Amino acid sequence: MELRELTDEEFDLLYPVKIKKLSGTHWTPVGVAKKAIAYLGEGGGKSVLDLGSGVGKFCLVAAVNSEAKITGVEQRMNLVQISGKLAEKYQVENTNFICDDLRNLDFNQFDSFYFFNAFEENIDLRDKLHKDNSINHEQYHAYKKLIRKKFEELPVETRIVTYCGDASEIPESYRLIKSGNKGKLKFWEKRV
Ligand SMILES: C[S@@+](CC[C@H](N)C(=O)[O-])C[C@H]1O[C@@H](n2cnc3c(N)ncnc32)[C@H](O)[C@@H]1O
């Protein structure tokens, strides 16, 4: 079956059991990814960055449902490798994965952004992605502040979709265009 036809349950089965078990907490549901990319990729030819791409679920679903070029940046190499292998296996050519701290990227290279609460692991230890994860409120707030500054510096009409979280990383210069999924999914655009 083609990747774009898979349900959430079918998609999660593509992952190793340990990774699949984390899906409810950490990986974007298929339906959410489709709604997000419809907005982020609108107009065609867009370059989209997933901030903290995990095992690539958002990126892969977004890529097979749009013409956009989807980049995922993820700090954990084992997760990047899983993403890359799936992209290769299913010949998804409009996505690529970078192993790095998302703070190191130049956001100006992208038109729009997807942010699923990547820093939550610093304040919530449920379903840990790494055994060494620990609570670090200071780091959580520092990360949020840093990407807020990066978003602030981007041009008018930049689009962001946030999923879960309090959206405190979104500067006042962005307007909430719409929301969905009981308010968990928010669609933003930078205004003058
Ligand atoms: C909630 S998961 C979302 C995964 C993916 N975006 C999706 O929706 O399927 C957040 C991911 O962000 C990653 N992450 C957290 N802080 C990061 C950082 N500073 N740089 C890069 N990745 C980070 C975590 O390792 C985790 O895989």
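Before reading on, note that the structure itself is shown above.
**With respect to the state of the cysteines**
Moving on, step 1. Across all of its chains, the model carries zero disulfides by this definition.
Moving on, step 2. There is no disulfide at Cys99, and the cysteine sulfur nearest it, in Cys59, is 13 Å away.
Moving on, step 3. A disulfide-free cysteine, Cys164 has its sulfur positioned 17 Å from the sulfur of Cys59, the nearest such atom.

**Things to note about the site of the ligand**
Moving on, step 1. In the vicinity of the ligand, 22 residues are found, and the nearest of them are Thr28, Gly52, Glu74, Arg76 and Leu102.
Moving on, step 2. The contact in question runs from an oxygen atom of the ligand to an N or O atom on the side chain of Arg76, over 2.8 Å.
Moving on, step 3. For the ligand, whose free accessible area comes to 600 Å², the fraction covered by protein is 98%.
Moving on, step 4. Taken atom by atom, the bulk of the ligand overlaps the largest pocket.
Moving on, step 5. Residues of the shell around the ligand, tallied by class, amount to nine nonpolar, six polar and seven charged.

**Some remarks on the pattern of salt bridges**
Moving on, step 1. Counted by the stated rule, this structure contains 11 salt bridges.
Moving on, step 2. Between Asp8 and Lys57 there is a salt bridge whose closest N-O contact spans 2.6 Å. Of this pair, Asp8 sits in helix α1 (residues 8-12) while Lys57 sits in helix α5 (residues 57-64), placing them 49 residues apart in sequence.
Moving on, step 3. Its relative accessible area of 23% is what places Asp8 among the partly exposed residues.
Moving on, step 4. Relative accessible area serves as the criterion here: at 2%, Lys57 is assigned to the buried category.
Moving on, step 5. We note a salt bridge from Lys149 to Glu153, for which the minimum N-O separation is 3.0 Å.
Moving on, step 6. Taken together, the shared-partner salt bridges in this structure form one network comprising Glu42, Arg159, Glu189 and Arg191.

**Side note on the sheet that holds strand β6 (residues 174-180)**
Moving on, step 1. With respect to topology, seven strands assemble into an open sheet ordered β3-β2-β1-β4-β5-β7-β6, the strand pairing being mixed. Looking along the sheet, the strands with just one partner apiece sit at the ends: β3 (95-99) and β6. Going across the sheet, the axis of each strand differs from the next one's by a mean of 20 degrees, ignoring polarity.
Moving on, step 2. Of the pairings in the sheet, the one linking strand β4 (residues 112-115) to strand β5 (residues 159-163) comprises four bridges and is parallel in character. Within β5, the residue paired with Tyr114 across the bridge is Val161.

Analysis parameters
- Residues numbered from 1 in each chain as written.
- Predicted model: local features only at pLDDT ≥ 70, side-chain atom pairs only at ≥ 80, totals over all residues.
- Heavy atoms only, no water.
- Disulfide = S-S within 2.5 Å.
- Near = heavy atom within 4 Å.
- Polar contact = N/O pair within 3.5 Å; in protein donor to acceptor, adjacent residues only side chain to side chain.
- Areas by Shrake-Rupley, 256 points an atom, 1.4 Å probe, with all protein chains shown as cover.
- 1 Å grid on protein atoms, 1.4 Å probe; cavity = no way out; pocket = protein on both sides within 12 Å on 5 of 7 lines; lining within 4 Å.
- Sits in = over half its atoms within 2 Å of the grid points.
- Nonpolar A, V, L, I, M, F, W, Y, C, P; charged D, E, K, R; others polar.
- Salt bridge = Lys/Arg side-chain N within 4 Å of Asp/Glu carboxyl O.
- Helix = DSSP H or I, 4+ residues; strand = E, 2+ residues; numbered from the N terminus.
- Buried < 20%, exposed > 50% of the residue type's maximum accessible area, 1.4 Å probe, protein only.
- Pairing = 2+ DSSP bridges.
- Axes fitted to C-alpha atoms, helices over the stretch in contact; angles between N-to-C directions.

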